[in-house]
Every structure is written in C-alpha cells, then in structure tokens.
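Here are the chains, one letter per residue:
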Amino acid sequence: MRSPLSGHSAPLQDLETDVALRAILEGTATETGQQFFSALVQNLTSALGTHGAWVTEYFPERRRLRALAFWMDGQWVTDYEVDIAGTPCERVIDMAKLVHFPDRLLEIYPHEKDLKAAGAVSYMGVPLQDTDGQILGHMAVIDRRPIPEEPRAHAIFQIFAARAAAELRRMRAEAEVREREEKLSRLLLSAMDAIIELDHQLHITRVNPATERTFQCCAEKMIGQDFRCFLRADDADRLLVLIDELDKRPEGQQSLWIPGGLNACCLGGQLFPAEATLSRFELHRQKFTTLILRNIHERIEAEEKIQSLTAETELLREELQALHQDGALLGESPAFRRVLQDIAQVAKTDATVLIMGETGTGKELVARAIHAASARRERPLVTVNCAAIPSTLIESELFGHEAGAFTGATKKREGRFALADKGTIFLDEIGDLAIDLQAKLLRVLQEGEFDPVGSISTRKVDVRVLAATNWDLGQAVRDGRFREDLFYRLNVFPLRLPPLRERGEDVPRLAALFAKRFAARMSRKIAPLTADGARRLQQYSWPGNVRELQNVIERAVITADHGCLNLDRALPEVPHVDALEADQAPISDRILSAKEINELERTNILRALEATRWKVSGEHGAAKLLGINASTLSSRMRALKIQKPAAH
C-alpha cells in the first residue's frame, strides 16, 4: 500500500495524517444515513490509498455481516453479506478491538475464498460499538499491498469508527421510532373502538377510522370540531366535570371509566348509547384528552332480544306444559288419576323410573312431566329412541366416541349421557337395546361412569334415568332377551300407563279437547261431540291409543259435514257381529271383553294388511290406512302375534 503515512519523517507524517483526516472529514461532514457510509468508504480508500473499504452491520444471532457500503477498485459491491466464521472480521467482532494484518493475509486465511479472489495481502478492521459495548458492526479496509503498522492510521480508523458507530446508532434509533409510530398507527387503524384525541379546548385533533364509522362522519369534517357537539347536552356538561376531576388526580391516575357511559350523536343527529373511558396527558406543556368510545346500541338490542326470547321461552314452556296437561296427560278415570299421583310422588326424587305402556299412551310426555317437576328441571332432558338408532351406532350415540375410534369417526363426539350430565336421560323403547349394551348401561346406572368408544379414560356423570317400553320386560328376561339385573335396576319405580280402552270416560273428554284444538287451528266451527259419537269412540279398541285418537279426531274435523264431526269417515271399520259367537248380543248393545277387543283389533289389522298386500309403512301401507304410525302397527302386530304369511 502506498500510504501517505509511510516512509516520511514524523513532522511530514503528522501533516499527511492531518490531510487524510481533513479529506475524510470534509467528504462525510454533510452526509447522514446511507450517504454517510458511502462517502466514508470512498474517502477512506482515497485517503489511505487502499484498494477497498467497507462498513457493515452485524447480526449476532446469525453471526453474519451485511455491508452498508462496500467500495472496491473504484466501484460499488452491492448486496454483500458474509458469514464471519474463518475470516479476519471474526477476530474484530469477537475481540471487540482493532485488528491489523499488515501482510501475508492469505497465509493466515488460506481457505477464505473472498480474500483469495480479491488477491488480498493486508487487512485492517475495527468494531463499531454501542454505548454499552454491544457490537453493532465493523469497518475495514483491504489492500493488495502491505499496510504498514502506523499508529496514526490506527487513530484515523478509530476516529471514524466512532463516527460510523454513532451514525449507525442514530439510524437504528430512528428506525425504532418509525417502527413504534407505525405500530401505533396500525393500532389506531385496527382498533374497533372509536379513539378520539381532544385539545385543551376539547376540539378534536385526531381520530381513528373506527371513529368515522361510529359517528358516520369522515375525519376531515371532525378535526377541529368541538367534541361536545357530538354529545347530548347533559353529557357534554358531565364530560367537563369528569375532566376537571381527572386534573385533580396525581399523575399516573388520570384515567377512568365514565359511569353510565355517554349518549353520543352522529352527524345526522341520531343518538346512540356508548361505553367510554377518559384519560388526560400533557405534551409540550399542553393538556390533551383521550376518549375511547364504543357504540353499544346493538349490544343493548341483543340483550333486550335475549330477555324477550327468554320470557317467550318461559311462556312457551308454560304453554307446552298446559298442552301436556290438557292433552295426553288429561284424564279423570281412576286408572289415569293413579298415574298422575305416581308422577307427582316420584318426580321429586332421583329414582329411576320404568314407564310401561302400549305405543301411543304418552310415555314420552310422562317422562317430560317427571323431569319438569324434578329438581333437575333447569338442566337438559336428553331423549334417546333405542329402536330408531342402528345397532352399530347405538353405543357411540349413548357414550360418545374419540376421533378415529371407528370408520367415519373423523372427530370426537360427546354421547347422550355426557350431554345429560346433571340432568335427565329418557331411554325410549329400552326393550330394543342390544344385550351387549345392556351391561354397559347397567354400569352407568350402578357406578355413574362409562367409557366412550375408543377412549382409554372413564367419564363420570350424574344422570337421572327414565326408561320406557311397550314390551313385557319380565317375559323378555325369561326369554333371555333382557338382562335380569338391568331389569331390576330399571324397575325401581314402575309406572304403568293404561291403554286408552281402559280409561272409560277419558276417551270422549280427550276427543272433545282435540276437536276444539284442531277446529281452532283450521279456523272452523265444530259442534260438540254427540252422545252417539262418544259411545262409538268408547266402543273402539284404540290400538294406537291417544295418538290414534288424535289422528281420528283430526280426520273427523277435516271431513266435518255442516260443523258435525264426521266419525264415519274418521273411524276405522269395525268387524260385523258375525265375527263373534252367534248367541251373543250385538256389539253396539253390550260391553266387550278384553279378548273380544283384541280379536276385533286383530281382525281389523289383518283386513288392512290384506288390502295393502302386507305393506306396513309408506303412503299406501296398512299403517296409513289405519291412521296410526308404522311403529305402532308393528308393535301391535307383535302383541297380537300377527305374522306375514309365507305366500307374501
């Protein structure tokens, strides 16, 4: 290196040093930022006579240097970044002091490709440090000739390294300020609440986009306006009182929730309720106020709607309860009064109830009545129809499953017992439950616990169990189709619902109620049930019980002639007397025995099945013809031992 600092006497060296310093100083004096670093490396190479110079920024987490400015052989090297491992820069960074290799650089770093490509012979580098000694970067020169050890050259380096470090600190501080300002700006832009800044006269100085949406007014029209114009008069006065109160508080405590909120006003004059916070701060000896405000009109509307729906739900619940009491759970017959008495007694307990009765007698309604009168009424009543769920899914339905427990179980699912925790579960058609699942149900009844399908953990639940069946479970136990231990566990409180044919005067009473209800729904006027009509209804066996009675009366109302119920169209055909023993009195003139009623019902069902070619369900099935549900018909066919002939 042909340095102006080498090969001369001391006075001349001092002069040359001064010249070099002045050249670098003059070349960088008016520059800042990137321009400063560019001017610095250019003037360093010129003043020191080196082939290259660069200033870098250091990233300690990656142990890499990135060039802020790199001047080599009279041109810029752009986008230069290097890993410091195995380079002379590594010593500068790790030792945190000036490092000078006057010659034989490639002998010391023979594997450093960049040095080899540049043909470097000498190197001098110095760290750029923060005020706390943290390494920010480094500054270096490189030459293809030796750089002699010159204390004055080192001094020049140290002086401008300090200047470069100061500029790098300034740039970082400036970048941090910009970042904070950008974050603050984004915070204001993204806030859902209106944020409003007011000066000492309560004039608006700044608003965020949410303020524009809240007040339906653009920022340009709001800035400079007295904010009190956007408040109801009494709230504007209250705002002044609150600000005065804040000013009396010590610094750091000048913020508060505005009690009761504010009534704010849109530009068009529309008032809306708002929650708001108020705070005070001082800047350049001027007082400012920050108001954060949220329109709660929609929330208040939602709360009012919820209250309205809650009240409506209670009314509907009362109405539903009244419908139950005035419908299937209405009756004066001794048999039915006994049922109502049993419901009242058992409802207040947590006892398991087994509700027995033919299809259509109102077993589910009884279960709902028990739950509604129990201490668990605020918790859910979960209903499961054991006969309606495929056997492959019933375990998962009752106890839930884990994701992947079986094909199609893509995610975890809670079972009905888990959903009924602290409440009641109603197991309808319990007699149809598979024998292997009966043991798991018994465990829930005895221990209050179960294992979801595919799970290795046990769930504990507190569930009251109500079960219902139209089977003779005692016979099912004897036949081996139902577990004896489960039967006795369910049969804690047996509750038998009488079939409609055993309820005497309840039949015309219920028929009159149903007629009134259906007539009101269809906007028709129907004459009261006649004595002959009541007699005819009582003579029918009602295999579908109350549900069938509802269907018959609805048909009678639909086909009513001049306001009179048309029972001729509504009631199924009854077999003629010749189907009975010849020496007996006509059916219409005497009371039938249970055996005769069953025979009449059996004959009637067989006629319907023959007429539909033994098709039970569907639009043209026997159930439709009889006016009962297909499940009811299937149940009665089992009870009456009606089987499809082999020819069909």
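Keep in mind that this is a model prediction, so the values were computed, not measured.

Peer 1: Tell me about the overall build of the protein, and name the residues and values.
Peer 2: When you go through the protein residue by residue, the secondary structure sums to 24 helices and 20 strands. Counting the 648 residues in the protein, one finds 44% classified as buried. Of the roughly 34800 Å² of accessible surface on the protein, a fraction of 51% belongs to carbon and sulfur atoms.

Peer 1: Account for the confidence of the model for the protein, with residues named and values stated.
Peer 2: On average, residues of the protein score 83 in pLDDT, and 87% of them are at 70 or above. Long-range and interchain partners of residues 1–15, a stretch whose pLDDT sits below 50, account for 26 contacts in this model, where long-range means more than four residues apart. Counting contacts from residues 322–327, a segment whose pLDDT is below 50, to residues more than four positions away or on other chains yields 12 contacts.

Peer 1: Which residues make up the sheet that holds strand β14 (residues 353–356), and what values go with them?
Peer 2: Taking strand neighbours across the sheet as the criterion, the 5 strands line up as β15-β16-β19-β14-β20 in an open arrangement whose pairing is parallel. Edge positions in the open sheet fall to β15 (381–385) and β20 (493–496), since each of these has one partner strand only. Recorded for the sheet is a direction-independent mean angle of 20° between the axes of neighbouring strands. Taken together, the 4 bridges between β14 and strand β19 (residues 464–469) define a ladder with parallel strand orientation. Within β19, the residue paired with M356 across the bridge is T469. Its contacts with the sheet put helix α12 (residues 363–372) on β14, β15, β16 (424–428), β19 and β20, and the angle it makes with β14 is roughly 150°.

Peer 1: Report on unusual backbone geometry, specifying residues and quantitative values.
Peer 2: Not every positive phi belongs to a glycine, and D73 is a case in point at roughly 55°. With respect to the element layout, D73 can be found in the loop between β2 (64–72) and β3 (75–76). Exposure remark for D73: the relative accessible area of 40% places this residue in the partly exposed category.

Peer 1: I'd like a rundown of the packing of aromatic side chains, residues and numbers included.
Peer 2: Per the counting criterion, the structure on display carries 17 aromatic pairs. Ring geometry for F215 against F227: centres 6.2 Å apart, planes inclined by 75°, an arrangement best described as edge-to-face. Residue F215 is located in helix α7 (residues 209–215), and its partner F227 is located in the loop between α8 (219–222) and α9 (233–247); the two are separated by 12 residues in the primary sequence. When sorted by exposure, F215 lands in the same class as F227, which is buried. Above the ring of F336, the side-chain terminus of R503 is found at 3.9 Å from the ring centroid.

Peer 1: Tell me what's going on with the nonpolar core, and back it up with residues and numbers.
Peer 2: Counting residues in hydrophobic clusters, the biggest one holds 32 residues, and the most contacted among them are F417, I425, L427, I430 and F482. Secondary structure elements with two or more residues in this core: β15, α13 (394–399), α14 (416–419), β16, α15 (435–447), β19, α16 (473–478) and α17 (484–490). The element best represented in this core is α15, accounting for 5 residues. Counting 29 residues, the second-largest nonpolar core is a separate cluster that includes A219, L256, C266 and A274.

Peer 1: Any chance you could break down helix α19 (residues 531–539) for me, citing the residues and the numbers?
Peer 2: If you check which residues of α19 are buried, you get G533, A534 and L537. Each buried residue of α19 sits inside an arc of 100° when the element is viewed along its axis, so together they form one side. Contacts from the buried residues of α19 go to α18 (506–521), α20 (545–558) and α21 (567–570).

Peer 1: Explain the pairing of strand β7 (residues 135–143) to me, using residue names and the numbers behind them.
Peer 2: Of all 9 residues in β7, 9 are buried, a share of seventy percent or more. Alignment of strand β1 (residues 52–59) against β7, held across 6 bridges, turns out to be antiparallel. Looking at β7, one finds that A53 is bridged to V141. Across 8 bridges, the pairing between strand β6 (residues 122–129) and β7 is antiparallel. Residue pairing in the sheet places Q129 in a bridge with I135 of β7. In textbook terms, the turn of a hairpin is the stretch between consecutive antiparallel strands, and for β6 and β7 this stretch comprises 5 residues, one of which, G133, has a positive phi near 90°.

About the thresholds
Residue positions are given per chain, counting from 1 as you read along its sequence in written order. It should be noted that, the model being predicted, local features are given only for residues of pLDDT at least 70 and side-chain atom pairs only at 80 or more, the latter also being counted only at that level, while totals for whole chains, interfaces and linings use all residues. Based on all heavy atoms of the structure, the side-chain values leave hydrogens and waters out of the count. We count a stretch as a helix when DSSP gives it H or I for four or more residues in a row; a strand needs E for two or more, and each element gets its number in order from the N terminus. Only protein chains enter the accessibility calculation, which uses a 1.4 Å probe; a residue is then buried when its area is under 20% of its type maximum, exposed when over 50%, and partly exposed in between. All accessible areas in this document rest on Shrake-Rupley with a 1.4 Å probe, and a residue is counted as covered only by the protein chains that are shown. Per residue, pLDDT measures the predictor's confidence, with a range of 0 to 100. The contact rule is simple, with two residues in contact once any of their heavy atoms fall within 4.5 Å. Only strands that DSSP links by at least two bridges are regarded as paired with each other. Helix axes are fitted only over the stretch in contact, all axes being lines through C-alpha atoms; the angle between N-to-C directions runs from 0 to 180 degrees. Classification of ring pairs rests on two measures: the distance between centres of Phe, Tyr or Trp rings, Trp counted by its six-membered ring, which must be within 6.5 Å, and the angle between planes, read as stacked under 30 degrees, edge-to-face over 60 and tilted in between. The criterion is that NZ of a Lys, or CZ of an Arg, lies within 6 Å of the ring centre and within 35 degrees of the ring normal, and then a charge sits over that ring. As used in this record, nonpolar core signifies buried Ala, Val, Leu, Ile, Met, Phe, Trp, Tyr and Cys residues forming a set joined through side-chain atoms within 4.5 Å. Throughout, the arc means the angular range of directions from the helix axis out to the C-beta atoms.

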